[in-house]
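Report on the structure
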Amino acid sequence: MKDQQKETYKLTTVSNPTIIQGLLSISNAHDHVFMHLIENANFNKGNKKLYKGVAGNLVAFACKTAFQLGFDGIVSFVSKTQLIAHYQKTLGAKPFAGNRMFIDTRESLALVKQYFKDFENGKF
């Protein structure tokens, strides 16, 4: 059964659009974007990954969507316990309830500007 509230996106390359590099599932939580799933392809994990930045690119897309929806770039998600420190360091995410984390406007804007060069001051 398809969940009408969630949208799923795939990241591919221009040179090979049939190979999925990573997946993202998000929903509109009415005042922020909630990330249900973010997943790298197996060949994009670990020290021998094919591409670096796949997860960052997907998170930046969620942040960009949060700006486009008028949520000031705010994104939340539930982290695996062992990844909380990693997300704090790499995304600027902040914990606020157990494993639930969020990316605030300033950190979100930095991520979007890093991955979407045509993004300027919250507008395209």
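Structure first, text after, so check above.
Quick look at the structure, then. Quick caveat, the model's predicted, so the values are computed rather than measured.

The next thing to look at is helix H3 (residues 105–115). Glu107, Ser108, Leu111 and Val112 are the residues of H3 that are buried. Viewed end-on, H3 has its buried residues packed into an arc of 135 degrees, placing them on one side of the element. Among the structural elements, helix H1 (54–68), helix H2 (84–91), strand S5 (94–97) and strand S6 (100–103) are those in contact with the buried residues of H3.

What follows covers a nonpolar patch on the surface. A grouping of Ile19, Phe43, Leu50 and Tyr51 is seen on the molecular surface, where their side chains present a nonpolar patch of about 360 Å² in accessible area. Mapped onto the elements of the fold, Leu50 is located in the loop between strand S3 (33–40) and H1.

Time to look at the packing of aromatic side chains. With the rule as written, the count across this model stands at 3 aromatic pairs. On the basis of an interplanar angle of 70 degrees and a centroid distance of 5.4 Å, the ring pair of Phe96 and Phe102 is categorised as edge-to-face.

Thresholds, definitions, all that
- Residues numbered from 1 in each chain as written.
- Predicted model: local features only at pLDDT ≥ 70, side-chain atom pairs only at ≥ 80, totals over all residues.
- Heavy atoms only, no water.
- Buried < 20%, exposed > 50% of the residue type's maximum accessible area, 1.4 Å probe, protein only.
- Helix = DSSP H or I, 4+ residues; strand = E, 2+ residues; numbered from the N terminus.
- Arc of directions from axis to C-beta.
- Contact = heavy atoms within 4.5 Å.
- Patch = residues over 30% accessible without salt bridge, like charges linked within 9 Å, V, L, I, M, F, W, Y side chains within 5 Å.
- Areas by Shrake-Rupley, 256 points an atom, 1.4 Å probe, with all protein chains shown as cover.
- Salt bridge = Lys/Arg side-chain N within 4 Å of Asp/Glu carboxyl O.
- Phe/Tyr/Trp six-rings, centres within 6.5 Å; stacked < 30°, edge-to-face > 60°.

Keep in mind these numbers describe shape, not what the thing actually does.
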